[in-house]
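Here is how the chains run, residue by residue.
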Amino acid sequence: MNREFGSRRKGEGEMNREFGSRRKEEGDVNRDLGSRRKAEGDMNRDLGSRRKAEGDMNRDMGSRIKGEGDMMKRKKEKAKAIYEGWMVRYGRRKIGKSYLHMRYFVLEPRLLAYYKRKPQDNMVPLKTLVIDANCRVEDRGLKTHHGHMVYVLCVYNKKDKYHQLTMAAFNIQEALMWKEKIELVIDQQHDSLSASGNKALASCESGVDSGKNAFSSDQESVNSLEDEDEGNRGLARRMTRGNGPSDSIVDWIHEPDLGHSNQNIIQQVFSRKHWRLIRCQNGLRIFEELLEVDYLPRSFSRAMKAVGVVDATCEAIFELVMSMDGTRFEWDCTFQYGSLVEEVDGHTAILYHRLQLDWFPIRFVWPRDLCYVRYWRRNDDGSYVVLLQSREHANCDRQPGFVRAQIESGGFKISPLKSRNGRSRSQVQHLMQIDLKGWGVGYIPSFQQHCLLRMLSSVAGLREFFSQTDQIHTVPRIPVMVNMTRSSSSKKDQKSQEINVHPGPSLDPILAGSRQSILLDEDSDDDDDYQIPEAIPEIPAGKHLMELAAVDWLKDTKRMDNVARRVGCVAQVASEKGLFSLIINLQIPGSTNYSMVFYFVMKQLVPESLLQRFVDGDDEFRNSRFKLIPSVPKGSWIVRQSIGSSPCLLGKAVDCTYIRRPKYLEIDVDIGSSTVANGVLGLVLGVVTSLVVDMAFLIQANTSEELPEQLIGAVRVSHLELSSAMISGLDNSPDDSIH
């Protein structure tokens, strides 16, 4: 048993020796594998070191690329700005005081912003205004702040009265430059909408074919904006003439625009027949007005005007003419003293002016002074108009030792001429019709003529002022006006004034009439809304498209919109007979609201015609094409000269609401939306019973394919009586109806 047990142990020992040999062999294999793993690890460490070096290089390169990207981004953002520079932030605080702040304005393709200082990096602007096709630029004119005068612009969105931004410049050239740049951005936005407008036109056509109501803006009523610092009634799109002249101011300047038709040329020739050259003096042509009467009352004077050429820009001459400080002594030999009595708005002011006539070396006659309304505007061709008209004012009493003369009509017109030898040239017209009052006027005829010629000689003074300097012909300073101070009077007079307070003639006619201007000029600023690729030849107009069916003269306590919904109106009767109607509703604001409604009818619209495209187009297309041509065959000379006969794009001048229905299109022309158009009524309504006014409506042709232009229709309004208006009765009519 022991030997067997020993044999087993011996066998197990041999097995253990064999197992140990195997373990030894496996250990040798593992040592070889470890050596290999160690070699691979060394290789991986070397590769990691290389990868780390490459990563460092990539990070360095990324930093460089990022820096270059930031530089390119900054350059791109800087190049994105269309115009930038320092301007004045003008406004009025809640307590009523105005303020001026220097701010840095930046104009981008869709944004106008201003900063407290020149922007750097990612500086946040103080205020921004998004520029789109609904934005407008209004010239607010001159504003006075502590004796300093600035030219104010207001950029606003007509769809939202709270979106507006007021800026100002210390010279009119800079203000005009900003206005031009902003209008260019607005026009670009208009152009960008042209493609979408064509799509809207196609959708409108399909909507009309299916008998459904087409898209229109009849449900949208855009309220006119209020001035930040004054209670102006509205803002006209991109106007440069302010609220218009007072109804007391004779707008002798206005002449028809050239280039529209032969009728304008004939009208201009007719306008020149009122003047006759009487002499040439000191390089000036002196004209006298021709009147249709053989006898003039002793107190009535003929109008005279001087015409000359000044080697300067219109802006430089205008700023000099507007000044009432020491610089006026250098070119106006009749100026003694001037001051501001009241600033009505940016384009209208009441001034006090003392004349230095020097008719006789000894004080043979009393000196003269003036109190007058001054209104100015800038026309489409770059010319400036300054109108003068005497006006009584409670804060401008008659001064002791002075005879108060009266300006019946007068002012300046400064028109640009072609430059010669690199020098800017302008034509200056100075008209004056003045009654100097006093005994000398009636008994010494030479007194009136001498004084009038001295006043007209200021044109020669302007010419010599600019000819004697080699510098740029601009006035670098702001015209400063000192507020009028009433002269001291006796205690008895002061006591009488305290007991019996007379406000004098109310300024309401000025505040309301200052909205008056030439309605016909309002289409001028939109000539660049579209570009005509080719010259349009003159082609005689075709036959009118529609017949005038009826005219309604309505009145109500509120503005009358959508008059076609009146039960039994002409549009409904025409619809029942299968006729198409175009209703033009001229809305006249006031304490009593009036509407003059013209109904034009035709059998049916001609497919693809300009009229059909206008009827079924969008509002942008309609506003750019709807034109009015007025004429005053019978009326006072003042009214005829003020209105003229130039065409006007109504959609650009005032707010027009278009109401499209299957059988009619109504155009509500809100005259009250434009202070300029509204002001014309101040002149016309006062003498409307003696007027004969012709109005022709048409769709403007912009390409040769759309010629000849055809009138929609025309109407004559003769000796209209306000009392003949009928109550509209719209309150009893349904809100809307489809016929």
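Residues numbered from 1 in each chain as written. Predicted model: local features only at pLDDT ≥ 70, side-chain atom pairs only at ≥ 80, totals over all residues. Heavy atoms only, no water.

## Topic: the overall build of the protein chain
When helices and strands are counted, the protein chain shows 16 helices and 27 strands. Buried residues in the protein chain amount to 49% of all 739 residues. Pairs at least 24 apart in sequence give 68% of the contacts found in the protein chain among residues at least 6 apart. Summing over all exposed atoms, the protein chain offers an accessible surface of approximately 38,000 Å²; the carbon and sulfur share of this is 52%. (Helix = DSSP H or I, 4+ residues; strand = E, 2+ residues; numbered from the N terminus. Buried < 20%, exposed > 50% of the residue type's maximum accessible area, 1.4 Å probe, protein only. Contact = heavy atoms within 4.5 Å. Areas by Shrake-Rupley, 256 points an atom, 1.4 Å probe, with all protein chains shown as cover.)

## Here's the deal with the sheet that holds strand E22 (residues 648–649)
Strand order in the open sheet formed by 4 strands is E22-E21-E25-E26, and the pairing between neighbours is antiparallel. Only two strands of the sheet have a single partner each, and these edge strands are E22 and strand E26 (711–718). The pairing of strand E21 (residues 626–634) with strand E25 (residues 692–699) spans 7 bridges and is antiparallel. Within E25, the residue paired with Phe626 across the bridge is Ile699. (Pairing = 2+ DSSP bridges.)

## Quick look at the pattern of salt bridges
Taken as a whole and assessed by the stated rule, the structure comprises 20 salt bridges. For Glu183, the salt bridge is made with Lys179, and the minimal N-O distance between the two is 2.5 Å. Here the residue Glu183 and the residue Lys179 both occupy positions in helix H2 (residues 172–192), the gap between them amounting to 4 residues, near one helical turn. In this structure Glu183 comes out as buried when scored by relative accessible area, which is 11%. As a salt-bridge pair, Arg559 and Asp670 come within 2.8 Å of each other at their nearest N and O atoms. (Salt bridge = Lys/Arg side-chain N within 4 Å of Asp/Glu carboxyl O.)

## Overview of helix H8 (residues 458–467)
Of all the 10 residues making up H8, 7 are buried; the element is thus mostly covered by neighbouring parts of the structure. Along H8, the residues classified as buried are Ser458, Val459, Ala460, Gly461, Leu462, Arg463 and Phe466.

## Some words on the packing of aromatic side chains
All chains considered together, the criterion is met by 15 aromatic pairs. Plain terms: the ring middles of Phe318 and Tyr384 are 4.6 Å apart, the flat faces sit at 20° to each other, and that makes the pair stacked. Of the two residues, Phe318 sits in helix H5 (residues 314–322) while Tyr384 sits in strand E14 (residues 384–390), which places them 66 residues apart along the sequence. Comparing Phe318 with Tyr384, the two get one shared label, buried. Geometrically, the ring pair formed by Phe600 and Phe697 is edge-to-face, given 6.2 Å between the ring centres and 65° between the ring planes. (Phe/Tyr/Trp six-rings, centres within 6.5 Å; stacked < 30°, edge-to-face > 60°.)

## Brief notes about the sheet that holds strand E19 (residues 580–588)
Read across the sheet, 6 strands follow the order E23-E24-E19-E20-E18-E27 without closing on themselves; strand pairing throughout is mixed. At either end of the open sheet lies a strand with only one pairing partner, and these are strand E23 (655–661) and strand E27 (726–727). One ladder, built from 7 bridges, connects E23 with strand E24 (residues 664–670); its direction is antiparallel. Each bridged residue has a counterpart across the sheet, and for Cys656 the counterpart in E24 is Val669.

## Description of the confidence of the model for the protein chain
Per-residue confidence for the protein chain averages 75 on the pLDDT scale, and 69% of its residues sit at or above 70. Counting interchain partners and residues more than four positions distant, the pLDDT-below-50 stretch residues 255–273 has 17 contacts. Taken together, the stretch residues 472–536 has pLDDT below 50 and engages in 175 contacts with residues farther than four places along the chain or on a different chain. (pLDDT = per-residue confidence, 0-100.)

## Side note on the packing of H2 against H5
Between H2 and H5, whose axes approach to 10 Å, the crossing angle comes to 130°. Regarding the angle of H2 to H5, the classification is oblique. Contact with H2, carried on its side by Ile172, Gln173 and Leu176, involves Glu315, Ala316, Phe318 and Glu319 of H5 and no other residues of that element. (Axes fitted to C-alpha atoms, helices over the stretch in contact; angles between N-to-C directions. Parallel < 35°, antiparallel > 145°, perpendicular 65-115°, else oblique.)

## Brief notes about the pairing of E24
Strand residues, when the strand is regular, have side chains that alternate between the two faces of the sheet. The element E24 is largely enclosed, with a buried count of 7 among its 7 residues. Of the two faces of E24, both are covered, the one formed by Tyr664, Glu666, Asp668 and Asp670 as well as the one formed by Leu665, Ile667 and Val669. Where E19 lies against E24, 7 bridges are found, and the strand directions are parallel. Note on E24: the bridge partner recorded for Leu586 is Val669. Counting the residues that bridge the hairpin from E23 to E24 gives 2 residues.

## A few points about the nonpolar core
Counting 70 residues, the largest nonpolar core has Leu112, Met167, Trp178, Ile182, Ile317, Phe318 and Ile434 as the members making the most contacts within it. Leaving out residues up to four positions away in the same chain, Phe318 has contacts with Tyr151, Ile172, Trp376, Tyr384, Val386 and Ile414. Core analysis: the second largest hydrophobic core is formed by 42 residues, Leu582, Leu650, Cys656 and Met695 among them. (Core = buried A, V, L, I, M, F, W, Y, C linked by side-chain atoms within 4.5 Å.)

## Examining the packing of H5 against H8
Interhelical geometry of H5 versus H8 gives an angle of 120° and a closest axis separation of 12 Å. Put simply, H5 runs oblique to H8. Read as a crossing pair, H5 and H8 show a hand that is right-handed. On H8, the residues touching Ala316, Ile317, Leu320 and Val321 of H5 are Leu462, Phe465 and Phe466. Grouping the amino acids of the contact of H5 with H8 by side-chain chemistry returns 7 nonpolar, no polar and no charged. (Left-handed = near helix turned anticlockwise from the far one by under 90°. Nonpolar A, V, L, I, M, F, W, Y, C, P; charged D, E, K, R; others polar.)

## Some details on unusual backbone geometry
Cis geometry marks the peptide bond from Leu707 to Pro708, where omega comes out at 0°. For Pro708, the location among the structural elements is in the loop between E25 and E26. A positive phi angle, near 55°, is found at Asn421, a position not held by glycine. Checked against the element boundaries, Asn421 lands in the loop between strand E16 (406–420) and strand E17 (423–435). Note on Asn421: relative accessible area 75%, which makes it exposed.

## Let's talk about H5
Every α-helix winds through 3.6 residues per turn, so residues three or four apart in the chain are directed the same way. In terms of burial, H5 is largely enclosed, as 9 of its 9 residues are buried. Of the residues making up H5, those classed as buried are Cys314, Glu315, Ala316, Ile317, Phe318, Glu319, Leu320, Val321 and Met322.

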